[in-house]
Amino acid sequence: MGPTPRLRVLAAMSGGVDSAVAAARIADAGHDVTGIHLALSANPQSYRTGARGCCTLEDARDARRAADVIGIPFYIWDMAERFHRDVVEDFVSEYAAGRTPNPCLRCNEKIKFEAVLDRALALGFDAVATGHHARLEGGVLRRSVDSGKDQSYVLGVLTREQLAHAIFPLGGSTKAEVRAEAARRGLTVADKPDSHDICFIADGDTRAFLADRLGAEEGPVVDALTGRVVGTHQGAFGFTVGQRKGLNIDRPAPDGRPRYVLSIEPVSNTVTVGPRGSLEVRSVVGERPVWNGPAPEPREPIACAVQLRAHGEVYGCRAQMSGGELHIELGSPATGVAAGQGAVLYDGDVVIGSATIASAS
Amino acid sequence: MGTAYLDHAATTPMLPEAIEAMTAQLAEVGNPSSLHAAGRRARRVVEESRETVAGALGARPSEVVFTAGGTEADNLAIKGLFWARRRPRVLIGAVEHHAVLDPARWLGDHHGADVELLDVDGQGRVHPETLRAAIARDPENVALVSVMWANNEVGTVQPIAELAEVAHEHGIPFHTDAVQAVGQLPVSFAESGVDAMTVSGHKLGGPIGVGALLLARGVDPVPVLHGGGQERDIRSGTLAAPAIAAFAAAVEAAVRRRAETAERLAALRDDLIHRVRQAVPDVILNGDPVLRLPGNAHFSFPGCEGDALLMLLDAKGVECSTGSACSAGVAQPSHVLLAMGQDVSRARGSLRFSLGHTSTEADVDRVAEVIAVVVERARRAGLG
């Protein structure tokens, strides 16, 4: 590879260690880097509460401080309206429709690599860099070398066009290496805890967050084997397929086995539960497919692997396009497959495409 | 690549006189309140500074209360006069700086104040009739009136003497934040008739962290800071002799050179406006075209976001401001422009260029060179 051209790069800086090191590496590589922090909440909390959010004043300050240390200009971009509409409202309406959305995936698709990228390109930037743990080489998205921290799944929805303007400088490093590098660079965020939970639900209580917005309404919990009501719940939206805890079943199941959520029916506000075996699916149908890998959209069924949720297991499968939908036949049964999640296809560690799970059986 | 610093209304470089006065004092010991020789020496520096400030601003030395800056002086005036007067009504201009607006709102939220914003016209001016009508609704219950001398965003100059006279018809104390005015406009505390006036060091070539509240005889706000009883018991805290000496030197120099500076800046500013208009024909100049601060040029660029303009200009070495308030750095549309009747998108697409004593034709050239391409690019990015 010859010398890389000097690019104008917009580095999205959350205030965490990953995006700070990512920005520093791009600057070191000789590119013209500008740091931005996305303000995602109209009412940022003034300090950390419980789980770490990505929209606190403290994070904005940490991001600004990291930019100072790196020596790059830094600005705050107000994306609160877009984020609320495309991520938060989408999150709530997806749950209301009985699906289980992944807001991080949605944020990458609609905010970081749509709203931010479009604005960046219009303003004369060439690319957007983030601190995601994934490799991107020649437009091909691959898992991070740190399999425990790999984030290729939440980037799997990006189109080739979006990936063409993305830079992920951290994919070749482990999280431990990134932290050590941050400390070496004098970035004070080096030992800041990882973010885990949904950034806009500061206390981590998703069910309460949804109940606030959708209203609690009592409904039945029905056992699929007997068809009988075995308990009540305060809103079907609070459940996820495959969930075992918090089902509030007031009698033992006929077979004496633990119960899992099999399906959620928002119209009748019914949660159906059953034994683990009933949870197993072998085929998955995905909508809104994206083919972003090295090969074009396949005309024939292809053998590959699929990941059906963040940090989830990977299954061997055969995938095929049919009528605009992606049909996936799993090599071994999967459990806890929820509509609304992403199905990301891999060839080894290379992302080849994705779709949003519409149904599974 | 040099930069064009066009944000003097945010802060302006220290004048050589101020740096000299400050550095001369930094090595000296002495608390101005101490009774021994070292204390007396420091006291003398403070009192001479007080006389200098008073002389330059048309006040008596006893009317000068040193503070740690403009925000503190505004807080002392608004809260202190409200508490001293024990009446609920607080009348302030709708385009005041947050250092006036926010203490007033805080009094409304926590101390039962009845805060009324005085409407401004399309250029940001408070008309004396507006104030007269507001007072007339219940004159007995007005604690104070506060209207700034000149607006920090759009530069519009207020008819301060007339407004003060209206307040005095009912014996109501009148405060003005003259932070942007001193050094740019003729400012005389006595002639203006105001009862309280805020001045800040770093807006006129002095250091950051020092300022003054000028208080006419008999105007006694309740203190905000309690402690050692300095400054007539109105403002406790050890007097910062080096900062005060530098502040006084800056006030003296800025006022002495004011006419010449103002003329030079107004010419540069008019050239800037002319060349920005040439480059961007649909640009809108905000504020009064004539009765404005000589160093102020404030524009709206239709179809642009001020933040995008600022970032692109910064990358090209032009340093200016969107003049908007920040919370976590997120730009809110300017309350000043909204009060002037502008819509949110025009308010969001605005930029302030403010010139000061170090500004040159080269700064204007730099803006003229880059503004067209920057505006075009920001327009492509749209209003987000």
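Every value quoted in this text rests on a predicted model; they were computed, and no experiment measured them.

Draft legend 1. Representation of the domain arrangement of chain A within the structure. All names here are of chain A. Partitioning chain A into structural domains gives domain 1 (8-191), domain 2 (217-278) and domain 3 (280-360). A straight line from the C-alpha centre of domain 2 to that of domain 3 covers 27 Å. Contact residues are listed per partner, giving five residues for domain 2 and five residues for domain 3. In the side of domain 2 that touches domain 3, the residues fall into one nonpolar, three polar and one charged.

Draft legend 2. Main features of the environment of B:Val115. Residue and element names in this part refer to chain B. Inspection of the secondary structure puts Val115 in strand β4 (residues 114-118). Its 19 C-beta neighbours within 10 Å are what place Val115 among the partly exposed residues. On a C-alpha basis, the gap between Val115 and Leu101 in space is 9.4 Å, while along the polypeptide they are 14 residues apart. Residues in contact with Val115, not counting those within four places in the same chain, are Val90, Ile92, Ala104, Arg105, Leu107 and Gly108.

Draft legend 3. Geometry of the sheet that holds strand β1 (residues 8-12) of chain A. All names here are of chain A. A sheet is described by the order of its strands in space; here five strands give the open sequence β3-β2-β1-β4-β7, paired in parallel fashion. At either end of the open sheet lies a strand with only one pairing partner, and these are β3 (74-78) and β7 (166-167). Across the sheet, helix α4 (residues 103-122) is in contact with β1, β2 (32-39), β3, β4 (127-129) and β7; its angle to β4 comes to roughly 130°.

Draft legend 4. Broad picture of the domain arrangement of chain B. Residue and element names in this part refer to chain B. When the domains of chain B are assigned, the result is domain 1 (4-12 + 258-381) and domain 2 (16-256). The gap between the C-alpha centroids of domain 1 and domain 2 is 27 Å. The partner domain 2 presents 27 residues to the 24 residues of domain 1 that form the contact. Counting only elements with at least two residues in the side of domain 1 that touches domain 2, the list comes to α9 (258-279), β10 (296-300) and α11 (335-339). The residue inventory of the side of domain 1 that touches domain 2, partitioned by class, reads nine nonpolar, eleven polar and four charged.

Draft legend 5. Just the sheet that holds strand β14 (residues 350-354) of chain B, in detail. Residue and element names in this part refer to chain B. An order of β9-β10-β14 is seen for the three strands of this open sheet, with the pairing classed as antiparallel. In the strand order of this sheet, the two ends are held by β9 (284-285) and β14, each with one partner. Summarising the sheet, β9 and β10 pair through two bridges and their orientation is antiparallel. The residue bridging Ile284 from the neighbouring strand is Ser300, located in β10. Packed on one face of the sheet, α9 meets β9, β10 and β14 and runs near 20° to β10.

Draft legend 6. Spatial organisation of unusual backbone geometry. All names here are of chain B. In this model, Arg86 sits at a positive phi of 50°, which is unusual for a non-glycine residue. Among the structural elements, Arg86 can be located in the loop between α3 (70-85) and β3 (89-93). A residue is classified by how many C-beta atoms lie within 10 Å of it, and Arg86, with 9 of them, is exposed. Even without being a glycine, Arg232 presents a positive backbone phi close to 60°. Here Arg232 falls in the exposed class, since 11 other C-beta atoms lie within 10 Å of it.

Rules used throughout
- Residues numbered from 1 in each chain as written.
- Chains lettered and ligands numbered in written order.
- Predicted model: local features only at pLDDT ≥ 70, side-chain atom pairs only at ≥ 80, totals over all residues.
- Domains from an automatic or database assignment.
- Contact = placed C-beta atoms within 7 Å.
- Nonpolar A, V, L, I, M, F, W, Y, C, P; charged D, E, K, R; others polar.
- Helix = DSSP H or I, 4+ residues; strand = E, 2+ residues; numbered from the N terminus.
- Buried ≥ 20, exposed ≤ 12 C-beta atoms within 10 Å, placed from the backbone.
- Pairing = 2+ DSSP bridges.
- Axes fitted to C-alpha atoms, helices over the stretch in contact; angles between N-to-C directions.

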